[in-house]
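# An overview of the molecular structure
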Amino acid sequence: MSLINLTIDGVQVQAVPGTSVLEAAGQAGIKIPTLCYLKEINEIGSCRICLVEVEGARTLQASCVTPVTEGMVVRTNTPEVRQARKLNLELIMSNHPQECLICPRSTNCELQQLAAELGISELRFTGAMSPYEPDFSSPSLVRDPRKCILCRRCVSVCENVQQVSAIAPQERGFDTVVAPAFLEPLGNAACVNCGQCALVCPTAAIHEKDQTGEVWAALADPEKHVVVQTAPAVRVS
Ligand code: FES
């Protein structure tokens, strides 16, 4: 098989046809930040954090879904690339609850880590918040759509690895939510409680139900805590 020759950040790289720019860069020791990407499971180019500059292209390209081509010249760390990644992350965070201090995934959250990496110390944008309440109906998992960034890693792993498809994107536009069909609570779905979704979730949008989660819920809203523990997820507006 003949290999594709390209240049990434001035480094001559050879890659197998069909390899993404992200993978080729990784093989050459060049790290490109990602958020929605899960190798061979979720390669959908939705978060736009992995943007790179490709010579000759009119816009920045998502490296996780851009295949290498012969003679390609890629730059992964220009001021424009860094600025675009940072802006995209700021927009993703614009409707994210500011609960890091009491969040069960704090210090183990990809969003938090990436914000630090990209130099985001304060939020410039504040958007409308998710209209969905946390779902405590599962015996083992908490589903918190307010913290979901719609990367769909959980959906892909549930469908392609576990082959259960207990959750999928529902509704449209800003109201899109990853949930069981008909917005049923997770406790009523065909979920087998394998925890794969929680494992790949980059935030606390799906996390294990443990003592920390219980404490977090009580701190977040002591009055609602009792109600949402027993009631199905409801849409607030
Ligand atoms: Fe490439 Fe999300 S990692 S678009």
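Residues numbered from 1 in each chain as written. Predicted model: local features only at pLDDT ≥ 70, side-chain atom pairs only at ≥ 80, totals over all residues. Heavy atoms only, no water.

## Structural notes on the overall build of the protein chain
Going by this rule: Going along the chain from the N terminus, every DSSP run of H or I of four or more residues is numbered as a helix, and every run of E of two or more is numbered as a strand. In this scheme, a residue with accessible area under 20% of its type's maximum is buried, one over 50% is exposed, and one in between is partly exposed, where area comes from a 1.4 Å probe on protein chains only. By definition, residues are in contact when any of their heavy atoms lie within 4.5 Å. Computed with a 1.4 Å probe, the accessible areas rest on the Shrake-Rupley method; for each residue, only the protein chains presented here act as cover.
Looking only at helices and strands, the protein chain features 7 helices and 9 strands. Looking at the protein chain as a whole, 45% of its 237 residues qualify as buried. At a minimum sequence separation of 6, the contacts of the protein chain that also span at least 24 residues come to 64%. Only carbon and sulfur atoms are counted for the fraction: they give 53% of the accessible area of the protein chain, which is about 12,200 Å².

## Describing the state of the cysteines
Definition in use: Two cysteine sulfur atoms make up a disulfide if the distance between them is within 2.5 Å.
In total, this model carries 0 disulfides according to the counting rule given. C109 supplies the cysteine sulfur nearest to C103, a cysteine that is in no disulfide, at a spacing of 6.4 Å.

## Overview of the layout of surface pockets
What counts, and what does not: Cavities and pockets are found on a 1 Å grid laid over the protein atoms alone: a cavity is a set of points where a 1.4 Å probe fits but cannot escape, a pocket is an open set with protein on both sides within 12 Å along at least five of seven lines, and a lining residue has an atom within 4 Å of such a point. Grid points are joined across faces, edges and corners, and a volume is the space filled by probe spheres set on the points. Residue ranges for the domains originate in an automatic or database domain assignment.
Looking at the largest pocket, its volume works out to about 410 Å³. What lines the largest pocket is a set of 22 residues, and nearest its centre among them are I92, N95, C148, I149 and L150. Taken together, the elements giving at least two residues each to the lining of the largest pocket come down to α2 (79-93) and β8 (177-179). For the lining of the largest pocket, the element with the most residues is α2, which contributes 3 residues. When we break the lining of the largest pocket down by domain, the ones giving at least three residues each are domain 1 (4-88) and domain 2 (131-230).

## Overview of a nonpolar patch on the surface
To keep it simple, the criterion reads: Exposure above 30% relative accessible area and no salt bridge define the residues that can form patches, which grow by joining like charges within 9 Å and nonpolar side chains of Val, Leu, Ile, Met, Phe, Trp and Tyr within 5 Å. Salt bridges are identified by distance alone: a Lys or Arg side-chain nitrogen within 4 Å of an Asp or Glu carboxyl oxygen.
A cluster of nonpolar side chains, contributed by M1, L3 and V16, occupies part of the molecular surface with about 320 Å² of accessible area. Along the chain, V16 turns up in the loop between β2 (11-15) and α1 (21-27).

## Notes on the sheet that holds strand β4 (residues 61-62)
Operational definition: In short, DSSP must find at least two bridges between two strands for them to pair.
Reading across from one edge, β2-β1-β5-β3-β4 is the order of the 5 strands in this open sheet, with mixed pairing throughout. Only two strands of the sheet have a single partner each, and these edge strands are β2 and β4. In this structure, strand β1 (residues 4-8) lies alongside β2, joined through 5 bridges in antiparallel fashion. In the strand pairing of β2, I8 is matched with V11.

## Section: the pattern of salt bridges
By the definition in use, this model includes 11 salt bridges. One salt bridge in this structure joins R75 and E53, with 3.1 Å as the shortest N-O distance. Residue R75 is located in strand β5 (residues 73-75), and its partner E53 is located in strand β3 (residues 51-54); the two are separated by 22 residues in the primary sequence. Residue classification places R75 among the partly exposed residues on the basis of a relative accessible area of 29%.

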